[in-house]
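Structural overview for review
Each chain, letter by letter, is given below.
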Amino acid sequence: MAQKIVAGNWKMNLDATSAQQLISEVIHMTNDEYQGDAQVIFSPSFPFLGMVNHQIKDHERFHLSAQNLHQEEKGAYTGEVAGAMLKSVGCSYVIIGHSERRQYFHEDNALLAKKIDVALTNGLKPIYCIGETLEERNAGKTLQVNERQLSEGAFHLSGDAFSQLVIAYEPVWCIGTGVSATPEDAQEVHASIRQLIEDKYGKEISLNTTILYGGSVKPHTAPELFAQKDIDGGLIGGASLKSRDFVDIIKAFA
Ligand code: PEP
């Protein structure tokens, strides 16, 4: 069975003091209020990774993720961050292919495939983001776009390597817009993603792959989304910056 996960993507928000406070509140509230077996992942900006790792390291439920990494192992790439560096400050996950990286930094599937490889080489589990734009959805290309992003970015992997991935389906038109896909629409795409994985790697790997939904998930929308058969949790942007909202989303699994 797929691991249930709620991952918070802080993007380029917070400072050291507010980050520290947010983590401490989420740890306390979750420990007090949630007894389930979902994993919780924090994805702060690079400068806060070490600090957040220090705060969460004695709490089994919590894990650390970076928001990006460079595709090369090391070298003269001023301003970039390597997989080995992330691993050395406690990351176990890394977000790859977020739509903001695809859109603003022109990251394409070929580049993302390299990033996935370098993450895996360094013992990091990629949270690989896919999802269609509104234009693509309106043109009836939702499944086609997601299939392409999945196959070009990740289907070069062996079954063992693919098993390390978390997939995040994030319709671009839902990210930060306050508009969420309906649970039924999201489930339809998630089921098709799982089917693609089954076609490529077989039933066992497909059933064990965590497929997160992302796009304006809020405490009141999470329960119905997480109740869908093929939705194994969420990648949460805005609502992960408020401890009460984020913990209520974690509790939506109940
Ligand atoms: C995201 O950035 O991955 C995201 C889902 O953001 P939001 O929840 O704010 O839509």
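We now turn to the structure provided with this report.

Conventions and cut-offs
- Residues numbered from 1 in each chain as written.
- Predicted model: local features only at pLDDT ≥ 70, side-chain atom pairs only at ≥ 80, totals over all residues.
- Heavy atoms only, no water.
- Phe/Tyr/Trp six-rings, centres within 6.5 Å; stacked < 30°, edge-to-face > 60°.
- Helix = DSSP H or I, 4+ residues; strand = E, 2+ residues; numbered from the N terminus.
- Buried < 20%, exposed > 50% of the residue type's maximum accessible area, 1.4 Å probe, protein only.
- Lys NZ or Arg CZ within 6 Å of the ring centre and 35° of its normal.
- Near = heavy atom within 4 Å.
- Polar contact = N/O pair within 3.5 Å; in protein donor to acceptor, adjacent residues only side chain to side chain.
- Areas by Shrake-Rupley, 256 points an atom, 1.4 Å probe, with all protein chains shown as cover.
- Pairing = 2+ DSSP bridges.
- Axes fitted to C-alpha atoms, helices over the stretch in contact; angles between N-to-C directions.
- Parallel < 35°, antiparallel > 145°, perpendicular 65-115°, else oblique.
- Left-handed = near helix turned anticlockwise from the far one by under 90°.
- Contact = heavy atoms within 4.5 Å.
- Nonpolar A, V, L, I, M, F, W, Y, C, P; charged D, E, K, R; others polar.

Describing the packing of aromatic side chains
To describe a pair of aromatic rings, one takes the distance between the centres and the angle between the planes. Summed over all chains, the structure comprises 8 aromatic pairs. Ring centres of Phe162 and Tyr201 lie 4.6 Å apart, and the angle between their planes is 25°; this geometry places the pair in the stacked category. Here the residue Phe162 occupies a position in helix α8 (residues 159-162), and Tyr201 occupies one in helix α9 (residues 183-201), the gap between them amounting to 39 residues. Here Phe162 falls in the buried class, since its relative accessible area comes to 0%. You can call Tyr201 buried: its relative accessible area is 15%. Taken together, Trp10, Phe42, Phe62 and Phe246 form an aromatic cluster joined through their ring pairs. Lying over the aromatic face of Phe105, Arg101 brings its terminal NZ or CZ to 3.9 Å of the ring centre. Above the face of the Tyr201 ring, Lys200 is positioned so that its terminal group lies 5.9 Å from the ring centre.

A look at the site of the ligand
Near the ligand you find 14 residues, and of these Lys11, His98, Glu170, Gly176 and Ser216 are the closest. Contact distances for the ligand include 2.6 Å between an oxygen atom and a backbone N or O atom of Gly176. The backbone of Ser216 places a nitrogen or oxygen atom 2.7 Å from an oxygen atom of the ligand. Considered on its own, the ligand offers 290 Å² of accessible surface; in the complex 97% of this is hidden by protein.

A short note on the pairing of strand β7 (residues 211-214)
On any regular strand, side chains alternate: one points to one face of the sheet, the next to the other face. Both faces of β7 are covered, namely the face carrying Ile211 and Tyr213 and the face carrying Leu212 and Gly214. Where strand β6 (residues 166-169) and β7 come together, 3 bridges link them in parallel fashion. Among the inter-strand pairings, Ala168 is bridged to a residue of β7, identified as Leu212. Bridge count for β7 against strand β8 (residues 233-236) is 2 bridges, and the pairing is parallel. Residue Tyr213 lies in a different strand from β8, and its bridge partner there is Gly234.

Topic: the packing of helix α1 (residues 16-33) against helix α2 (residues 49-56)
Two elements in contact, α1 and α2, have axes whose closest approach is 10 Å; the angle formed by their N-to-C orientations is 25°. Taken as axis vectors, α1 and α2 run roughly parallel relative to one another. As for how α1 packs across α2, the hand of that crossing is right-handed. From α1, Ala16, Ala19, Gln20, Ile23, Ser24 and Ile27 reach across to α2, where they touch Met51, Val52, Gln55 and Ile56. Residue composition of the contact of α1 with α2, by class: 7 nonpolar, 3 polar and no charged.

What about the side chain of Asn146?
Structurally, Asn146 is set in helix α7 (residues 142-154). Since its relative accessible area comes to 2%, Asn146 is described here as buried. Within the local environment of Asn146, its side chain forms a polar contact with the backbone nitrogen of Gly131, the two atoms lying 3.2 Å apart. With near-sequence residues (within four places) excluded, Asn146 lies in contact with Ile130, Gly131, Glu132, Tyr169 and Val189.

Limitation: the analysis is restricted to geometry and does not speak to function.
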